[in-house]
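# An overview of the molecular structure
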Amino acid sequence: DDETKQEFYSEDDNMQLAVPLDWQNLNGQITNDDEVNQSFKVQVGNPDQAVFFMANSESRRYSPFMSLDEYSSAIVAAVYNSMSGSEDFSDAELIETVDIESDVHDFVIRKSTIAASYEGNPIVYYIYAVQGNYRYFQFNCWTAESQKDTVESVFDEIVSGFREQ
């Protein structure tokens, strides 16, 4: 076990995440939309550092998505359209979509990056989609654009090291 990390489990016990020690449980605090709050089973981060991370999953068996490509495309489109239709966000632009490798498993991790402004502040928003053995996993993370270089690798490490339960 890494002494600089703490473990978080989803409420439904289908995923385990190791996050920095200075992060806290933010369930119900990240968004103002109660429906969105309830759909993300893990919400953690450090508000003082403007670092936020949310995770959820859905059964592949009952999902309308037949592949990681379909799942990733759908969630990225939903986030992008939500940003584009919000008064709080402006200048949303999909920067790139890449596959990254996991340290723990053979899952393909599809990572999409969106640059935007939130209430006038430049942010970088990352959407990770993972096709697990039994579930699709979605990880939404964001931080101030000025912290991108240091925080992006933390997000990558958390997602590449998560465990499907």
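Note that this is a predicted model, so its numbers are computed, not measured.

So, how was this worked out
- Residues numbered from 1 in each chain as written.
- Predicted model: local features only at pLDDT ≥ 70, side-chain atom pairs only at ≥ 80, totals over all residues.
- Heavy atoms only, no water.
- Core = buried A, V, L, I, M, F, W, Y, C linked by side-chain atoms within 4.5 Å.
- Buried < 20%, exposed > 50% of the residue type's maximum accessible area, 1.4 Å probe, protein only.
- Helix = DSSP H or I, 4+ residues; strand = E, 2+ residues; numbered from the N terminus.
- Contact = heavy atoms within 4.5 Å.
- Pairing = 2+ DSSP bridges.
- Axes fitted to C-alpha atoms, helices over the stretch in contact; angles between N-to-C directions.
- Phe/Tyr/Trp six-rings, centres within 6.5 Å; stacked < 30°, edge-to-face > 60°.
- Lys NZ or Arg CZ within 6 Å of the ring centre and 35° of its normal.

## Focus: the nonpolar core
By size, the foremost hydrophobic cluster in this structure holds 25 residues, and its most contacted members are Leu17, Phe53, Tyr128, Phe139 and Phe155. Broken down by secondary-structure element, the contributors of at least two residues to this core are β2 (15-20), β4 (42-46), β5 (51-59), β8 (121-131), β9 (135-144) and α3 (148-160). Aside from chain neighbours lying at most four places away, what touches leucine 17 is Gln6, Glu7, Phe8, Val42, Phe53, Ala55, Phe139, Ile158 and Phe162. Grouped together as the second largest cluster of nonpolar side chains are 19 residues, Leu26, Met54, Val76 and Tyr125 included.

## Quick look at the sheet that holds strand β7 (residues 109-118)
Read across the sheet, seven strands follow the order β3-β4-β5-β9-β8-β7-β6 without closing on themselves; strand pairing throughout is antiparallel. For this open sheet the edge positions go to β3 (24-25) and β6 (89-100), each flanked by a neighbour on one side alone. Relative to β8, helix α2 (residues 68-84) is tilted by about 155°, and along the sheet it contacts β5, β6, β7, β8 and β9. In the packing of α3 onto the sheet, contacts are made with β5, β6, β7, β8 and β9, and the angle to β8 comes to roughly 20°.

## A short note on the packing of aromatic side chains
Counting across every chain of the model gives 14 aromatic pairs. Aromatic side chains phenylalanine 65 and tyrosine 71 sit 5.6 Å apart centroid to centroid with 70° between the ring planes, which places their arrangement in the edge-to-face category. Residue classification places tyrosine 71 among the buried positions, given a relative accessible area of 1%. One aromatic cluster is present, formed by Trp23, Phe53, Phe107, Tyr126, Phe137, Phe139, Phe155 and Phe162 through successive ring pairs. Residue placement shows arginine 60 over the ring face of tyrosine 136; its charged tip is 5.8 Å from the ring centre.

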